[in-house]
Amino acid sequence: MTTTVPLEAAVREGSAMDGLRPVCRHAASFGRYAGLGSGVTLAASAVLIALSQWIPWVAANALTTVASTLVATELHARVSFGHGRPGLAGHLKSAATIAFGWMVTSAAVGLLAALRPGAGIVLEQAVYLSATALVGIGRYAVLRLAVFASPERDPQNRTGNGSVTAMA
């Protein structure tokens with residue numbers, strides 16, 4: 001026998017909304033991550049342009065990457081993921097994720113230079129920012145799931161009153 005429960009009753013019990021809470025939480029976290037990351041990346045891009053006038057582009061990219069990673073790690077840990085100060089271990093793990101990103105952005109701009117010598121700063125920055133955006137999506141997943149994992153990811157079951165009970 002099938003019974004139907006009015007939507008209001010299901011919402012009051014939480015069963016209808018429980019499935020949406022993680023989605024909303026992750027969407028909000030990703031929104032904060034993307035906003036902060038975009039701001040830091042655009043600032044880093046401006047610094048990169050300035051630095052590359054005095055030192056080789058690869059060196060300017062490395063310096064800019066280190067500085068922006070330190071700033072972004074602090075912001076993401078505190079604001080995007082609500083984790084608090086990341087500490088040395090958080091910074092080191094975050095830096096490890098960015099090493100791959102640095103290689104990808106350098107390779108993308110290097111490939112552009114090989115395929116279209118003299119492409120110009122606008123195309124160079126478009127390639128750099130596009131590669132950075134793709135790397136950023138992958139970095140979000142790693143930071144969210146491994147570096148700044150939230151307590152809900154522990155192999156424990158949360159009860160409705162916010163307390164945590166171990167799974168049998």
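This is a predicted model, so every value here is computed, not measured.

Definitions and limits used
Residues numbered from 1 in each chain as written. Predicted model: local features only at pLDDT ≥ 70, side-chain atom pairs only at ≥ 80, totals over all residues. Heavy atoms only, no water. Salt bridge = Lys/Arg side-chain N within 4 Å of Asp/Glu carboxyl O. Helix = DSSP H or I, 4+ residues; strand = E, 2+ residues; numbered from the N terminus. Buried < 20%, exposed > 50% of the residue type's maximum accessible area, 1.4 Å probe, protein only. pLDDT = per-residue confidence, 0-100. Contact = heavy atoms within 4.5 Å. Phe/Tyr/Trp six-rings, centres within 6.5 Å; stacked < 30°, edge-to-face > 60°.

### Focus: the pattern of salt bridges
Inspection of every chain in the model, using the stated rule, returns 2 salt bridges. Ionic pairing is found between R78 and E74, a salt bridge with its closest N-O pair at 3.1 Å. One end of the pair is R78 and the other is E74, both in helix α4 (residues 57-80) and 4 residues apart, which spans about a single turn. A relative accessible area of 18% places E74 in the buried class. For E74, the salt bridge identified is with R85, shortest N-O distance 3.5 Å. Of the two residues, E74 sits in helix α4 while R85 sits in the loop between α4 and α5 (87-115), which places them 11 residues apart along the sequence. Residue R85 is classed as exposed on the basis of its relative accessible area of 61%. Each of E74, R78 and R85 takes part in salt bridges that share partners, so that together they form one network.

### With respect to the confidence of the model for the protein
Averaged over all residues, the pLDDT of the protein is 80; the fraction at 70 or higher stands at 77%. For the protein, per-element mean pLDDT is lowest for strand β2 (residues 164-166), which scores 38, and highest for α4, which scores 90. The low-confidence segment residues 153-168 (pLDDT under 50) makes 15 contacts with residues lying over four places distant or belonging to another chain.

### Here we look at the side chain of T41
Topologically, T41 is positioned in helix α3 (residues 20-51). Residue T41 is classed as buried on the basis of its relative accessible area of 19%.

### So, the packing of aromatic side chains
Going through the model one piece at a time under the given rule, you end up with 7 aromatic pairs. Plain terms: the ring middles of W57 and Y128 are 6.2 Å apart, the flat faces sit at 85 degrees to each other, and that makes the pair edge-to-face. Here Y128 lies in helix α6 (residues 121-147) and W57 lies in helix α4, a separation of 71 residues in the sequence. Y128 shares its class with W57; the two are buried. A network of ring pairs unites the aromatic residues F30, Y33, F81, Y140 and F148 as a single cluster.

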